[in-house]
Amino acid sequence: MPLRRLTLAVILAITLSIIISLADAENAVAQEDSIVLRGGLVPINARLLQNGSYGYPVSEQRLDFYDCLLNSFIGFSFTDSDGYALIYWNLTFDHPLGPTLLNVTFEGNDTLSLAPSCQWTTVTVVSGTHIDLEHTQQAYHPGDQISFLVELSDDQSEAIPNASIAVYHDDILLAEDYTNETGQVTFNLGCNTSWCSLGNNEIRVVYEPATSRYHNKSEHSILVEVQQILTSIELEDMNGTQFQLDEFLWLKLNVSADGEGLPNANLSVLLDGYLISSTTTDPFGVTEHLMHIDHLFGLGPHRVGIEYGGTDRHTAAHLEVDIVVTSPATISIMLPDYTIFGDESQIQLGIHDSLGRPIPGVHVTIHDESTNETMDIPVPLGHTSTEFQHVFTGPTGIRGLLTTVSGNPYLTNTTQLFSVTVWLKPTISMIETNILGYASPGQRLSFRAQLNSSGTSLPDRPVDARINETVLPSQITDSYGFANVTLFAPEAEGRYVLVLKVNGSSVSYELSAVLEYALVVSRVMPVQVDLTYYIISPELKEIRVYLMIRCLNGTPLDGVTLNYEWLDISTSAIAIQSGLAELILPMPPSAGFYRLHHYTDGTQHLHPSSGHSLIAISEADVQAAQGIGILGLVLTLCVSVSLVGIPALYRKHLIS
């Protein structure tokens, strides 16, 4: 019987096993590595199974727990329905650090035929660590130093020397150093945007111990607020808000941050949003800037901006100053050398600002103070001058032209007075003469001239006369402006010029007038044949042509033979009374213009002459000549009379 029980016990001892594990708890810091933290209750779990780790759980059995390092009994516990037994190990602060062997023993149960069994496991006892940080809670700015003191101690509040402390921002390692013999280390971190950003930044201080030191890992975090320093630009002084072109704007500026002047700050100077220059502050944050009001400035309001772009450490800043730019209007009026009463004068008006630029939107009004007449002159956009025509009427003499500029409110002068002198310009016209440009030696010559201006005759003006260098007696114009000059042609042959002159008067603002009449004195006269008139007689199928034959000294030629050619006829006629020659010519067969060729032979005292006259034959003349009837005859007669008037008018024009 005892032998059978022993055999059964041996079999059960082989099939029973015990599993020991650390329960989840704060002190079981690394269950998978069996690392426990001293200074508290460490839960330990053990499981009792039949037939090894895959057997059935055994409940209501006592398990005893032992600390083999200190050879001390920890305590006991009974398994539950799942075979688990839980016990809390009071791991005191005086427990040695390092590996500790634990034992769980099952004494067996004869009633249940369970053999005794035990199990060992090794745990590592480590000391807790604590990180204290001393730092000033404040806002930091890029460029500052973030300083803080780290103190590392164990679970007995003993300093841990020569321990590696690392500082992180996110996953970026910022610094790493070792504690001194008192467990302290000081860090000075440069605050810059390479790792931090504006706002709150988390800094983690981590102690990651070596395995041989039996210390637990510890970590401490702080929030560091990073912000830029607020920068401001203040206008200390300026030399006004309204400036004329070519003046200077002076600004005195102060750039400060945290109440202190910001030295060496680069400032951009903008005109209406566009960069035009820059300036830099002195060591006290002050700068004085001088700006030339030049071609970049148009007339009117402008905004001058001062900008500081800022840095990582300082915020950007902006200041705006409003100014108004004005200019005097430079006005000029260019008139002809002489402004003539009643004539159209070409006037050039110039207007620009003091830099010679066009003034936008201007309109010029010119008021003639003598006649109370007003001229409105628009100036084309983008131009500095314009031309216009004007006829000056009213009194002669010096006049005031009051020029007013409107349309642009930024001009400092809008009116300017100009003076113009209006002159009367007389004209001498030859009305009548007894020669046609030629005179015989000693011939009596008569000239009738008229002095007027703009269609108005000028009476009581002395007219000086001379022929070449010979001065003739002056004549006074009558109430109609006429003056008669009589003289004898020189005895010597040659070319002469008769000059009639009216001297001007600065008192009455009258200019001089001159008329030159060229004549030739010769003993041999050229002959001129003029068509006086002609009569077409369709019923007779003939044309009566009357030609005047005379010398160019005005003498009619009687008894002179005139040779002529008409159609296919060549014949001659003799001038009768007062140089008039009558030709009877046959009617052409068709309408049109026909040439009557004529010439005279030369003599001792006459030059030969040749020429032609045009005879117009109408269709009505041709039809009447062909016997159309009384109506055709009447029409032909009317047309013929009309045509007769043409040469008469032509002749009168030549003599005049």
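This report concerns the structure included in the present document. (Residues numbered from 1 in each chain as written. Predicted model: local features only at pLDDT ≥ 70, side-chain atom pairs only at ≥ 80, totals over all residues. Heavy atoms only, no water.)

Along the backbone of the protein chain there are three helices and 49 strands. Taken over C-alpha atoms, the radius of gyration comes to 67 Å for the protein chain, far larger than the 26 Å a tight globule of 656 residues would show. Dimensions of the protein chain along its principal axes, counting C-alpha atoms only, are 205 × 70 × 40 Å. Evaluated residue by residue, the protein chain yields a buried proportion of 43% over its 656 residues. For the protein chain, restricting intrachain contacts to residue pairs at least 6 apart in sequence, the fraction spanning at least 24 positions comes to 59%. Accessible surface for the protein chain amounts to roughly 34300 Å². Of this, 52% is attributable to carbon and sulfur atoms. The protein chain carries 27 positive and 71 negative side-chain charges, and their two centres are separated by 18 Å. (Helix = DSSP H or I, 4+ residues; strand = E, 2+ residues; numbered from the N terminus. Rg over C-alpha atoms; globule rule 2.2 N^0.38 Å. Buried < 20%, exposed > 50% of the residue type's maximum accessible area, 1.4 Å probe, protein only. Contact = heavy atoms within 4.5 Å. Areas by Shrake-Rupley, 256 points an atom, 1.4 Å probe, with all protein chains shown as cover. Lys, Arg positive; Asp, Glu negative; His and termini not counted. Charge placed at Lys NZ, Arg CZ, Asp CG, Glu CD.)

This part covers the pairing of strand S4 (residues 62-67). Alignment of S4 against strand S5 (residues 72-78), held across six bridges, turns out to be antiparallel. Its bridge partner being in S5, Leu63 is matched across the sheet by Ser77. Hairpin connection of S4 to S5: four residues between the antiparallel strands, including Asn71 at a positive phi of 50°. (Pairing = 2+ DSSP bridges.)

Here the focus is the sheet that holds strand S41 (residues 494-502). In space, the five strands of this open sheet follow the order S35-S42-S41-S38-S39, with mixed pairing throughout. For this open sheet the edge positions go to strand S35 (438-439) and strand S39 (470-476), each flanked by a neighbour on one side alone. Bridging between strand S38 (residues 462-467) and S41 involves four bridges; their strand directions are antiparallel. Bridge assignment links Arg466 to a residue of S41, and that residue is Val499.

Note that side chains of opposite charge can pair when their charged atoms are close. Tallied over the entire structure, the rule returns 15 salt bridges. Residue Asp155 pairs with Arg38 through a salt bridge whose shortest N-O separation is 2.7 Å. Pair noted here: Asp155 is in the loop between strand S11 (145-154) and strand S12 (164-169) and Arg38 is in the loop between strand S2 (35-37) and strand S3 (40-50), with a separation of 117 residues, a long-range link. Residue classification places Arg38 among the buried residues on the basis of a relative accessible area of 11%. In this structure, Asp64 and Arg62 form a salt bridge, with 2.7 Å as the shortest nitrogen-oxygen distance. Overall, the relative accessible area of 36% leaves Arg62 in the partly exposed class. A cluster of three or more residues bridged by salt bridges with shared partners is formed by Arg303, Glu320 and Asp322. (Salt bridge = Lys/Arg side-chain N within 4 Å of Asp/Glu carboxyl O.)

Here we come to the sheet that holds strand S10 (residues 139-140). With mixed pairing, the five strands of this open sheet are ordered in space as S10-S16-S15-S12-S13. Strands at the two margins of the open sheet, each flanked by one partner only, are S10 and strand S13 (172-178). Pairing geometry for strand S15 (residues 199-207) and strand S16 (residues 218-226), over nine bridges, is antiparallel. Along S16, the bridge assignment pairs Asn200 with Glu225.

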